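Examining the three-dimensional arrangement
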Amino acid sequence: MLIKGADIVGKGRQDVLVRDGRVVEVGAVSAKDAAAKDAEVVDADGLVLLPGLVDLHTHLREPGREDAETVLSGTRAAAKGGYTAVCAMANSYPVADTAGVVEQVAALGRAAGYADVQPIGAVSVGLEGKRLAEIGAMAQSAAQVRMFSDDGHCVHDPVLMRRALEYVKTFGGLIAQHAEEPRLTEGAQMNEGAVSAELGLPGWPSVAEEAIIARDVLLAEYTGARVHFCHVSTARSVEIIREAKARGAKVTAEVCPHHLLLTDEAARSYDPVYKVNPPLRREADVEVLRAALAEGVIDAVATDHAPHAPQDKECEWAAARPGMLGLETALSISVLALGGPAAVDWDVLAERTSRTPARIAGLEAHGRDPQPGAEANFTLVDPSATWTVVPEGLASLSRNTPYAGMELPVTVQATFLRGRATVLNGKIAEETSE
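What to know about the nonpolar core
Formed by 97 residues in total, the largest nonpolar core has its most connected members in Ile 3 and Leu 380. With sequence-adjacent residues up to four places away left out, Leu 380 is seen in contact with Ile 3, Ala 6, Val 42, Ala 44, Leu 47, Val 48, Leu 49, Thr 411, Val 412, Gln 413, Ala 414 and Phe 416.

Focus: the sheet that holds strand E15 (residues 300-301)
Taken in spatial order, the five strands of this open sheet run E9-E10-E13-E14-E15, and their pairing is parallel. Each edge of the open sheet is held by one strand with a lone partner, namely strand E9 (147-148) and E15. Direction of pairing for strand E14 (residues 251-255) relative to E15: parallel, over a ladder of two bridges. Paired with Glu 254 across the bridge in E15 is Ala 300.

A few points about the state of the cysteines
Inspection of the entire model under this criterion finds zero disulfides. Free cysteine Cys 230: the closest other cysteine sulfur is in Cys 256, separated by 8.3 Å.

Remarks on the packing of helix H6 (residues 207-223) against helix H7 (residues 235-246)
For the pair H6 and H7, the least separation of the axes is 9 Å and the interaxial angle reads 10°. Judged by the inter-axis angle, H6 sits roughly parallel to H7. Note on element contacts: H7 touches H6 through Arg 236, Ser 237, Ile 240, Ile 241 and Ala 244, opposite Glu 209, Glu 210, Ile 213, Ala 214 and Val 217. In terms of residue class, the contact of H6 with H7 is made up of six nonpolar, one polar and three charged.

Some thoughts on the packing of aromatic side chains
For the structure on display, the rule yields two aromatic pairs. For the pair Phe 148 and Phe 171, a centre-to-centre distance of 6.1 Å together with 70° between the ring planes defines the contact as edge-to-face. Of the two residues, Phe 148 is situated in strand E9 and Phe 171 in the loop between helix H4 (158-169) and strand E10 (174-177); the sequence distance between them amounts to 23 residues. Since its relative accessible area comes to 23%, Phe 171 is described here as partly exposed.

Section: the sheet that holds strand E6 (residues 53-58)
Taking strand neighbours across the sheet as the criterion, the three strands line up as E6-E7-E8 in an open arrangement whose pairing is parallel. Lying at the two open borders of the sheet, with one neighbouring strand each, are E6 and strand E8 (116-119). For this sheet the average axis-to-axis angle between neighbouring strands, irrespective of direction, equals 20°. Across four bridges, strand E7 (residues 83-88) lies against E8 in parallel orientation. In the strand pairing of E8, Ala 85 is matched with Asp 116. Its contacts with the sheet put helix H2 (residues 99-112) on E7 and E8, and the angle it makes with E8 is roughly 175°. Against the sheet, helix H11 (residues 346-361) engages E6 and E7, with an angle of about 55° to E6.

Let's talk about H6
Its 17 residues give H6 an end-to-end C-alpha distance of 24 Å, which sits within 8% of 24 Å, the value for a rise of 1.5 Å per residue. Those residues of H6 that sit buried are Ala 208, Glu 209, Glu 210, Ile 212, Ile 213, Arg 215, Asp 216, Val 217, Leu 219, Ala 220 and Thr 223. Gly 224 sits one or two residues past H6 and shows a positive phi near 75°.

Cut-offs applied
Residues numbered from 1 in each chain as written. Predicted model: local features only at pLDDT ≥ 70, side-chain atom pairs only at ≥ 80, totals over all residues. Heavy atoms only, no water. Core = buried A, V, L, I, M, F, W, Y, C linked by side-chain atoms within 4.5 Å. Buried < 20%, exposed > 50% of the residue type's maximum accessible area, 1.4 Å probe, protein only. Contact = heavy atoms within 4.5 Å. Pairing = 2+ DSSP bridges. Helix = DSSP H or I, 4+ residues; strand = E, 2+ residues; numbered from the N terminus. Disulfide = S-S within 2.5 Å. Axes fitted to C-alpha atoms, helices over the stretch in contact; angles between N-to-C directions. Parallel < 35°, antiparallel > 145°, perpendicular 65-115°, else oblique. Nonpolar A, V, L, I, M, F, W, Y, C, P; charged D, E, K, R; others polar. Phe/Tyr/Trp six-rings, centres within 6.5 Å; stacked < 30°, edge-to-face > 60°. Expected span 1.5 Å × (residues − 1).

Laid out in structure tokens, this is it:
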């Protein structure tokens, strides 16, 4: 395959020659060259080439909730969004707390063939926060798990958190913490503030997130282990993480697209599509999160892609499950958060959506700009195009997107996984499994 004239991470147009799933040459390559003989030519004039996006936080729902999503449908959505690798959270049914379950998820990803699926193992058995899961067995399994998280539940017991950190440190793993002090959020429905008071919905205080982040920063420093903070949502959380990094703590953090764009004002509609955990925050928090992402205090954009079946969302607010779709819209919203298509620094965007997430997850074949010998995991995007979000047109099995009807910038024109097109001309390639 010969990709002609792509603007590589916004640094200038070059050609990229790919053979047997790896980059052979980068530069000026003619289709008449001997090296490019019989190559399929992909015209990338006007398109930006990014390393394939990597998502640290995806809910694929399989096994157990295949009515909401499957590994196949979720990775198709990922490919359509420009992703070549996703990290699958552990809160499936059964929970991914054993070697058998994480190996099943990894195998389903290989069979689907649309994106590499790296399972995230549970920290505690059944996500119950009482005793450690089979962390060592999952790490030594065929899935080679390196990230562990009880996402959806906080590892709130400091003793359990300490033991988990000490355990994963022995093999270079990390704990991805869902920062929420549960005793401060009992019955909470949305961000605690003026809007929750007006609507009469129980508030979710920002300190519930910040208190756990502060505690776990100290535990990370004490143990010398790595902690990754999931879906950071408040300005004070950013400051705690900034201070921790300045001291040399081994901490990283992600922010979700919806926390970069939407605010608690959306709850005025009482539409459960806007119910998410952690909740949508104030405009002041959104502004700080955007600045922290651009600066690098927040390391990565992660989707927290949370598909739900209709019965779990099309109900009254209090009964609805939290979460929203993210894989197919994340790139566009990241571009908006970093200044819009005319002003975005594509190199910074690549760092936050691909390179750094790949390093955090230990996915060495991903998050790499095209260079000879590297796996050809790329996405081609049109920076001048726009698209309108139509829920029925999404690849996910679920429809719970908060962006329905919204016009967003930047379209994914092609996604390549080891040189094979999973998306071409903006459409999913139907035959991708080997």
